[in-house]
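Coordinate inspection notes
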Amino acid sequence: MTSESTAVNLPEGDDADDTAAMTPLSRLEEEGDVAADYLEELLDIADIDGDIDIEVRNGRSYLSVVGDDDAEGLDILVGQDGEVLEALQELTRLSVLSATGNRSRLVLDINGYRGERGVRLQEIAEKAVARVKAGEATVHLDPMSSYERKIVHDAVAELGFTSESEGEGAGRHIVVSAD
C-alpha cells in the first residue's frame, strides 16, 4: 500500500502548536495526511490492498482509495448504494476532528465510485428536468446524501430549472420544478 501526499510544513518553535496561524491550504493538507493515515491503518487491519491519493481542490481535501484491477476488497468498503462509503467518510472526518480539533469537509472516494455516481446523478437531474418540461409541476427524487444533493442541485440549475431539498434526515430529498 502506498500513500501519496503533498508535504505539510507546520510552524516550528513557539508557533508549533498554533494551528490557527496555519493557512487554509496547509490545514487542508494536514487533514488529508491525518485522513490518509487513518485509512491506511484501516486497510491494513482489514488486509485490503489499495493506494491512497490526496488532493486539495475547491476548499476541500479529496482522498481516493484505488486498487489494482485484480485487487479485491475495496468494493466492500463502498457497500450498496455507497452506504458503507458514506459511513467510512464520516468516521474519517471524526478521525481528523479528533487529531486536529477542526471539523473537516473532506470527500472520500473508493475505486472511482463517486465519479460514476456523479454521472448517474447528472442523468437523474436531466430526467427530472425533462419530466418538468413535459408538464409535471414538480418531480420528487429519491432521498440522497447532502453531497449527492449538491451535485443534483448544481445540475438542475445549469439546465435552467429550480430545485429544493425537502424532508428531514434520511428522508431528505430534492424537488425539481420550473420555478
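Residues numbered from 1 in each chain as written. Predicted model: local features only at pLDDT ≥ 70, side-chain atom pairs only at ≥ 80, totals over all residues. Heavy atoms only, no water.

**Some words on helix H1 (residues 24-46)**
For clarity, the cut-off: By the criteria applied, helices consist of DSSP H or I runs no shorter than four residues and strands consist of E runs no shorter than two, each listed in order from the N terminus. What a helix is expected to span follows from its residue count: subtract one and scale by 1.5 Å. Think of it in three bands: residues with accessible area under 20% of the maximum for their type are buried, residues over 50% are exposed, and the middle band is partly exposed, with areas taken using a 1.4 Å probe on protein chains only.
Compared with an ideal rise of 1.5 Å per residue, which puts 23 residues at 33 Å, H1 spans 33 Å between its outermost C-alpha atoms and is within 8% of the ideal. Those residues of H1 lying buried are Ser26, Leu28, Glu29, Glu30, Glu31, Gly32, Val34, Ala35, Ala36, Leu39 and Leu43. Just downstream of H1 lies aspartate 47, where phi reads positive at about 55°.

**Quick word on the nonpolar core**
Stated formally: In plain words, nonpolar cores are sets of buried Ala, Val, Leu, Ile, Met, Phe, Trp, Tyr and Cys residues tied together by side-chain atoms within 4.5 Å. Whether two residues touch is decided by their heavy atoms; if any such pair falls within 4.5 Å, the residues are in contact.
Among the nonpolar cores identified, the biggest contains 20 residues, and Ile52, Leu63, Val65, Leu108 and Ile110 are the most heavily contacted of them. For this core, the secondary-structure elements that each account for two or more residues are H1, strand S2 (51-57), strand S3 (60-66), helix H2 (83-100) and strand S4 (107-110). Among the elements that make up this core, the one with the highest residue count is H1 (five residues). Excluding residues within four positions of it along the chain, leucine 63 makes contact with Gly32, Ala35, Ala36, Leu39, Ile52, Asp53, Ile54, Leu106, Val107, Leu108 and Asp109. One finds Ala125, Leu141, Val152 and Ala155 within the second-largest nonpolar core, a separate group that totals 14 residues.

**Regarding a negative patch on the surface**
Applicable threshold: Like-charged residues within 9 Å of one another, or nonpolar side chains (Val, Leu, Ile, Met, Phe, Trp, Tyr) within 5 Å, are grouped into patches, provided each residue has over 30% relative accessible area and no salt bridge. With residues, only the protein chains shown are counted as cover, and all accessible areas are computed by Shrake-Rupley using a 1.4 Å probe. Any Lys or Arg side-chain nitrogen located within 4 Å of an Asp or Glu carboxyl oxygen qualifies as a salt bridge. For the purpose of charge, His is not counted, nor are the chain termini; Lys and Arg are scored as positive and Asp and Glu as negative. Charge positions come from single atoms, namely NZ of Lys, CZ of Arg, CG of Asp or CD of Glu.
Together, Asp37, Glu41, Asp44, Asp47, Asp49, Asp51 and Asp68 make up a negatively charged patch on the protein surface. Top contributing element to the negative patch by residue count: H1, with three residues. With respect to the helices and strands, aspartate 49 occurs in the loop between H1 and S2.

**A few points about the layout of surface pockets**
Definition in use: The pocket and cavity definitions rest on a 1 Å grid over protein atoms only: a 1.4 Å probe that fits but cannot leave marks a cavity, an open set with protein on both sides within 12 Å along at least five of seven lines marks a pocket, and residues lining either have an atom within 4 Å of a point. Grid points are joined across faces, edges and corners, and a volume is the space filled by probe spheres set on the points. Each residue is assigned to one class: nonpolar for Ala, Val, Leu, Ile, Met, Phe, Trp, Tyr, Cys and Pro, charged for Asp, Glu, Lys and Arg, and polar for all the others, Gly among them.
Volume-wise, the largest pocket comes out at about 400 Å³. As for the largest pocket, its lining consists of 21 residues, and the residues nearest its centre are Arg60, Tyr62, Val107, Tyr147 and Ile151. Of all elements in the fold, only S3, H2, S4 and helix H4 (146-158) reach the threshold of two or more residues within the lining of the largest pocket. The element that contributes the greatest number of residues to the lining of the largest pocket is H4, accounting for five residues. Across the lining of the largest pocket, the residue classes tally to six nonpolar, five polar and ten charged. For the second largest pocket, the calculated volume is near 220 Å³.

**Some remarks on unusual backbone geometry**
Although it is not a glycine, asparagine 58 sits at a positive phi angle of roughly 50°. Structurally, the position occupied by asparagine 58 is in the loop between S2 and S3. Of the residues examined, asparagine 58 reaches a relative accessible area of 67% and is grouped as exposed.

**Observations concerning the pairing of strand S7 (residues 173-177)**
If a strand is regular, its side chains alternate between the two faces of the sheet. Keep this limit in mind: By the convention used here, strands pair only if DSSP detects at least 2 bridges between them.
Within S7, five of the five residues are buried, which leaves it mostly tucked inside the rest of the structure. Burial along S7 is two-sided: the residues His173, Val175 and Ser177 and Ile174 and Val176 are all buried. Looking at chain direction, strand S6 (residues 162-166) and S7 are connected through five bridges and run antiparallel. In the sheet register, glutamate 164 faces S7, and the bridge partner there is valine 175. Where S6 folds back on S7, the antiparallel hairpin that results is connected by six residues, among which glycine 167 adopts a positive phi of roughly 95°.

**Let's talk about the packing of helix H3 (residues 113-133) against H4**
For clarity, the cut-off: Lines fitted to C-alpha atoms define the axes, with helix axes restricted to the stretch in contact, and inter-axis angles between N-to-C directions lie between 0 and 180 degrees. Each angle receives one of four descriptions, namely roughly parallel if under 35 degrees, roughly antiparallel if over 145, roughly perpendicular if within 65 to 115, and oblique otherwise. Rotating anticlockwise by less than a right angle from the far helix to the near helix defines a left-handed crossing, while the corresponding clockwise rotation defines a right-handed one.
Running from N to C, H3 and H4 point in directions that differ by 45°, and their axes come no closer than 9 Å. Relative to H4, the element H3 lies oblique. Relative to H4, H3 is oriented so that their crossing is right-handed. Along its contact with H3, which presents Arg114, Arg117, Leu121, Gln122, Ala125 and Val129, the element H4 presents Tyr147, Glu148, Ile151, Val152, Ala155 and Val156. Across the contact of H3 with H4, the residue classes break down as eight nonpolar, one polar and three charged.

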